[in-house]
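Architecture at a glance
The residues making up each chain are set out below.
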Amino acid sequence: MAHRPTVIRTVSALRKALAPFRSRGQGIALVPTLGALHRGHLALVKEAQKRARRVVVSIFVNPTQFAPHEDFGSYPRQFETDMAALTEAKADIVWAPSSEVMYPQGFATRLAPEGAALAGLEDKFRPHFFGGVATVVAKLFTQVSPDFAIFGQKDYQQLRVVTQMAKDLDLPLKVIGLPTVREKDGLALSSRNVYLSELERMHAPVLYRTLLTCAGRIKAGEPIEMVLEEGRLDITRAEFALDYLEARHALTLAPIASLKDGPIRLLVAAKIGKTRLIDNLGV
Ligand code: PAF
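The structure contained in this document is the topic of the report that follows. The numbers attached to residues start from 1 for each chain and follow its sequence in the written order. pLDDT decides what is reported in this predicted model: residues at 70 or higher carry local features, side-chain atom pairs at 80 or more are listed and counted, and totals for whole chains, interfaces and linings draw on all residues regardless. Hydrogens are left out, water is left out, and the side-chain values use all remaining heavy atoms of the structure.

Some details on the pattern of salt bridges
- For this document, the term salt bridge refers to a Lys or Arg side-chain nitrogen within 4 Å of an Asp or Glu carboxyl oxygen. A full pass over the atoms with the stated rule returns 19 salt bridges.
- Put simply, Arg54 and Asp92 hold a salt bridge, and the shortest N to O gap is 2.9 Å. In this pair, Arg54 is assigned in strand β3 (residues 54–59) and Asp92 in the loop between α3 (79–88) and β4 (93–95), connecting sequence segments 38 residues apart.
- Residue classification places Arg54 among the buried residues on the basis of a relative accessible area of 14%.
- Across the salt bridge formed by Asp261 and Lys260, the nearest N and O atoms sit 3.6 Å from each other.
- Relative accessibility under 20% of the residue-type maximum defines a buried residue, over 50% an exposed one, and the middle range a partly exposed one, all with a 1.4 Å probe and only protein chains included. A residue is classified by how much of its surface remains accessible, and Asp261, at 40% relative accessible area, is partly exposed.
- Here the salt bridges share partners, and the residues they tie into one network are Glu47, Lys50 and Arg51. A run of H or I in DSSP counts as a helix once it spans at least four residues, and a run of E counts as a strand once it spans at least two, with each numbered from the N terminus.

Written out as structure tokens, the structure is:
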């Protein structure tokens, strides 16, 4: 039977558990999550195991990255199911602090990322989001002190923001982004997919199909803005309320007008019913 990962709930216990790994010279990789794990997260754990002898998975539904009207209260929480998946995946440690441990009484420091965090994409619709993410990820990085941290590329802007944050704060780790894991019909795996009704689930792959079509046409030399405008129409015709479909520089996320100024990343966010989905694709 696989060994159940050790669940740790306080920073001092975490440091104590990690010390023997470090003294034996064993590398540590961190996979930060909000829980509600799916195959995408497990692919991150697998990559973490390739990079380091020891793998820590954090499970923390971080209140500071949700606005009051968002789904913090209803975000899927399934700790025992997650533990079963992480036992199977042979993770070593599950770092699962409470909100009080992460943000104790008197907590008063918050990061305010700029650059990619102010690109006018997710930040335009969720202005609180990257401050909350950068703060909690900086804390996770200092609590665990991993050699590697593994993120999915589905939250592409987040990946750019945390990569820059680690660099700017001289944190001695490598941030790695892994390709999005998808359903057979192209829908990006997300813990929020459980919110979709049967009909919404049928429409949902339109986002990825539109990204594929736009990427192909832009690569073939068609004008970017015209291609995106048609893509936007395709998405809204499929019952989505579109927040954005944009072509950006893949590293800075600055707007980009031509293929030669690339590499280009296409990014989309749209709401179907009550569920907001995001996706992205390299050109
Ligand atoms: O992408 C997520 O799951 C979260 O934003 C993260 C990185 C774990 C920070 O809470």
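Examining the sheet that holds strand β8 (residues 264–272)
- For two strands to be treated as a pair, DSSP must find at least two bridges joining them. With antiparallel pairing, three strands are arranged side by side in an open sheet as β7-β8-β9. Each end of this open sheet is capped by a strand with a single partner; those strands are β7 (241–249) and β9 (275–282). With strand direction ignored, the average angle separating the axes of adjacent strands in the sheet is 10°.
- In this sheet, β8 lies alongside β7 in antiparallel orientation, the contact comprising eight bridges. Across the sheet, the residue bridging to His249 is Ile264, located in β8.
- For this analysis, residues touch if any pair of their heavy atoms sits within 4.5 Å. Axis lines are fitted through C-alpha atoms, for helices just across the contact stretch, and the angle between N-to-C directions can take any value from 0 to 180 degrees. Strands in contact with helix α9 (residues 206–219) are β7, β8 and β9; relative to β9, the strand with the most contacts, it is inclined by about 25°.
- Of the strands in this sheet, β7 and β8 are in contact with helix α10 (residues 224–237), which crosses β7 at around 155°.

Let's talk about the packing of α9 against α10
- At a minimum axis distance of 10 Å, the contact between α9 and α10 shows a crossing angle of 160°. What the angle tells us is that α9 and α10 run roughly antiparallel. Where α9 crosses over α10, the handedness of that crossing is right-handed. Mapping the contact onto sequence places Val206, Leu207, Thr210, Cys214, Arg217 and Ile218 in α9 and Ile224, Met226, Val227, Glu230, Gly231, Asp234 and Ile235 in α10.
- Following the grouping adopted for this structure description, the nonpolar residues are Ala, Val, Leu, Ile, Met, Phe, Trp, Tyr, Cys and Pro, the charged ones are Asp, Glu, Lys and Arg, and the polar ones are all others, Gly among them. Classifying every residue of the contact of α9 with α10 by side-chain character gives eight nonpolar, two polar and three charged. These descriptions rest on fixed angle ranges, namely under 35 degrees for roughly parallel, over 145 for roughly antiparallel, 65 to 115 for roughly perpendicular, and the rest for oblique. By convention the crossing between two helices is left-handed if the near helix lies anticlockwise of the far one by an angle smaller than a right angle, and right-handed if it lies clockwise.

Quick notes on the pairing of strand β6 (residues 174–178)
- Both strand β5 (residues 148–152) and β6 contribute to a ladder of five bridges, which runs parallel. Each residue of the ladder has a partner; that of Ile150, found in β6, is Ile176.
- Look down the strands so they point away from you; if the path from the first strand over the helix to the second goes clockwise, the crossover is right-handed. The parallel pair β5 and β6 is bridged by helix α7 (residues 156–168), and the resulting crossover is right-handed.

Some points on the packing of helix α1 (residues 11–23) against helix α6 (residues 129–144)
- The interhelical angle for the contact between α1 and α6, taken along N-to-C directions, is 50°, at an axis separation of 9 Å. When the axes of α1 and α6 are compared, the pair comes out oblique. Contacts between α1 and α6 involve Val11, Leu14, Arg15, Leu18 and Arg22 from the former and Thr142, Gln143 and Val144 from the latter.
- Its residues assigned to classes, the contact of α1 with α6 shows four nonpolar, two polar and two charged.

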